[in-house]
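Coordinate inspection notes
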Amino acid sequence: MSAQILDGKAFAATIRAKVADHVSRLMADHDIQPGLAVVLVGEDPASEVYVRNKGIATRECGMKSVEHKLPAETSAEDLYALIDSLNADPSIHGILVQFPVPDHLSERDIVARIDPAKDVDGLSVVNAGLLASGQQAMASCTPLGCLMLLRDTLGDLSGKDAVIIGRSNLVGKPMAQLLLRDSCTVTIAHSRTKDLAETVRRADIVVAAVGRPQMVPGDWIKPGATVIDVGINRIPAPEKGEGKTRLVGDVDFDSAKEVAGHITPVPGGVGPLTIACLLANTVTAACRINGLDEPEGLTA
Ligand SMILES: Nc1nc2c(c(=O)[nH]1)N[C@@H](CN(C=O)c1ccc(C(=O)N[C@@H](CCC(=O)O)C(=O)O)cc1)CN2
């Protein structure tokens, strides 16, 4: 039996519609227009596309969008001065520095410079700590999108065995905290996990976030499990012509879809949720900064 394919694009559109609805209410009732600033350092082609798409999506939801494109050789001091000015700007509720940044800059120090209340990436130690201790936090965008999709697909997640492959600060760790909050039994697997295949075979929910193309084959998947593929890997596609490439996830989609109950494709699965949840987090930040109620259906 073939799995149900989870349509991330369609689900992202429902999140964006909720965001737009909340933005228009914030503007009508409180004269508040949420504002998002995205900072790009350098000219990484994929990052340029993501930043452009973030700006378009932000404006389409009725929010203020500000983009700062800085040259690759920008110094840490100049970048911090920009972040400080965005921290102090009352029209900006969310700040995101697009990753990766050039090697001379430290992602950790950049995140530390952002006001935690405006950290819509949820990467600061303050937000990571709040999330880990079960308090009101800003959750990072990709895991938040995965959680919303899982809830929408499976309903109550409590008691489910969830295995997350990958322990990054951006996805693996916050994903684990979010699933724990929803009372899953959570395992974080990684490159040193002894028997990864057996660990994954126990899972009702598999979240693959390692960045290794097609490394999870179908025979690791428990029949009927829900498979969320966070990987976005570009591999050679000679069948499309010389020098051509295609995107694949961390899961071997063709074999996994024959066993799983539900599965996200790549592209068109988790990717679109990342930007939708960035918008959701910006609305959440605008509400919190102004002492208003949390936007319904847009937080963890
Ligand atoms: N500061 C951050 N930097 C980065 C993040 C992040 O969450 N915060 N995540 C990624 C990039 N990213 C958003 O920033 C992102 C990645 C992928 C997609 C997406 O929609 N992917 C499509 C395929 C796109 C393609 O054709 O290349 C899909 O999966 O369908 C959106 C956003 C790293 N940096």
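By the naming in an unreviewed UniProt entry, the protein goes by Bifunctional protein FolD and is assigned to Pseudooceanicola nitratireducens. Database annotation for the protein, UniProt heading Pathway (unreviewed entry): "One-carbon metabolism; tetrahydrofolate interconversion." Heading Subunit (unreviewed entry) of the UniProt record for the protein holds this comment: "Homodimer."

1. A few points about the environment of His68
Relative to the assigned elements, His68 resides in strand E3 (residues 64-70). Spatially, the C-alpha atom of His68 lies 4.7 Å from that of Val39, the residues being 29 residues apart in sequence.

2. Observations regarding the domain arrangement of the protein
Segmentation of the protein into domains returns domain 1 (29-122 + 273-289) and domain 2 (141-270). Put simply, the middle of domain 1 and the middle of domain 2, counted by C-alpha atoms, are 27 Å apart. In terms of residue class, the side of domain 1 that touches domain 2 is made up of 4 nonpolar, 3 polar and 1 charged.

3. Side note on the site of the ligand
Neighbouring the ligand are 18 residues; Tyr50, Phe99, Pro267, Gly271 and Thr274 lie closest to it. For the shell around the ligand, the elements supplying multiple residues, two or more each, are strand E4 (94-97), helix H6 (141-154) and helix H10 (271-289). Considering every element that reaches the shell around the ligand, the biggest residue donor is H10, with 4 residues. Taken together, the residues of the shell around the ligand sort by class into 12 nonpolar, 5 polar and 1 charged. When residues of the shell around the ligand are assigned to domains, at least three map to each of domain 1 (29-122 + 273-289) and domain 2 (141-270).

4. Regarding the UniProt feature "domain: Tetrahydrofolate dehydrogenase/cyclohydrolase catalytic" (unreviewed entry) in the protein
Look at the UniProt record and you will see "domain: Tetrahydrofolate dehydrogenase/cyclohydrolase catalytic" (unreviewed entry) annotated at residues 6-121. The span residues 6-121 is 51% helix and 16% strand, and its two end C-alpha atoms sit 24 Å from each other.

5. Focus on unusual backbone geometry
Backbone torsion omega between Phe99 and Pro100 reads 0°, so that peptide bond is classified as cis. Relative to the helices and strands, Pro100 resides in the loop between E4 and helix H4 (107-113). Cis peptide bonds are those with omega within 30 degrees of zero, and the linkage from Val266 to Pro267 qualifies with 0°. Checked against the element boundaries, Pro267 lands in the loop between strand E11 (262-263) and H10. Notably, Asp31 is not glycine yet its phi reads approximately 60°, a positive angle. Among the secondary structure elements, Asp31 is positioned in the loop between helix H1 (8-30) and strand E2 (35-41). One non-glycine residue, Ser183, lies in the positive phi region at around 65°. Under the C-beta neighbour-count criterion, Ser183 is labelled exposed, with 12 such atoms within 10 Å.

6. Overview of the UniProt feature "domain: Tetrahydrofolate dehydrogenase/cyclohydrolase NAD(P)-binding" (unreviewed entry) in the protein
In this numbering, the UniProt entry assigns the feature "domain: Tetrahydrofolate dehydrogenase/cyclohydrolase NAD(P)-binding" (unreviewed entry) to residues 140-288. With 35% helix and 19% strand, the stretch residues 140-288 has end C-alpha atoms that lie 16 Å from each other.

7. Here's the deal with the sheet that holds E2
Spatially, the 3 strands line up as an open sheet ordered E3-E2-E4, and their pairing is parallel. Either end of the sheet is taken by a strand with one partner, and the two such strands are E3 and E4. The mean angle between the axes of side-by-side strands here comes to 15°, regardless of whether they run parallel or antiparallel. Alignment of E2 against E3, held across 7 bridges, turns out to be parallel. Note on E3: the bridge partner recorded for Val39 is His68. Packed on one face of the sheet, helix H3 (residues 76-88) meets E2, E3 and E4 and runs near 175° to E2.

How each quantity is defined
Residues numbered from 1 in each chain as written. Predicted model: local features only at pLDDT ≥ 70, side-chain atom pairs only at ≥ 80, totals over all residues. UniProt positions renumbered as here; feature names shortened; annotations may be inferred. Helix = DSSP H or I, 4+ residues; strand = E, 2+ residues; numbered from the N terminus. Domains from an automatic or database assignment. Nonpolar A, V, L, I, M, F, W, Y, C, P; charged D, E, K, R; others polar. Near = placed C-beta within 6 Å. Buried ≥ 20, exposed ≤ 12 C-beta atoms within 10 Å, placed from the backbone. Pairing = 2+ DSSP bridges. Axes fitted to C-alpha atoms, helices over the stretch in contact; angles between N-to-C directions. Contact = placed C-beta atoms within 7 Å.

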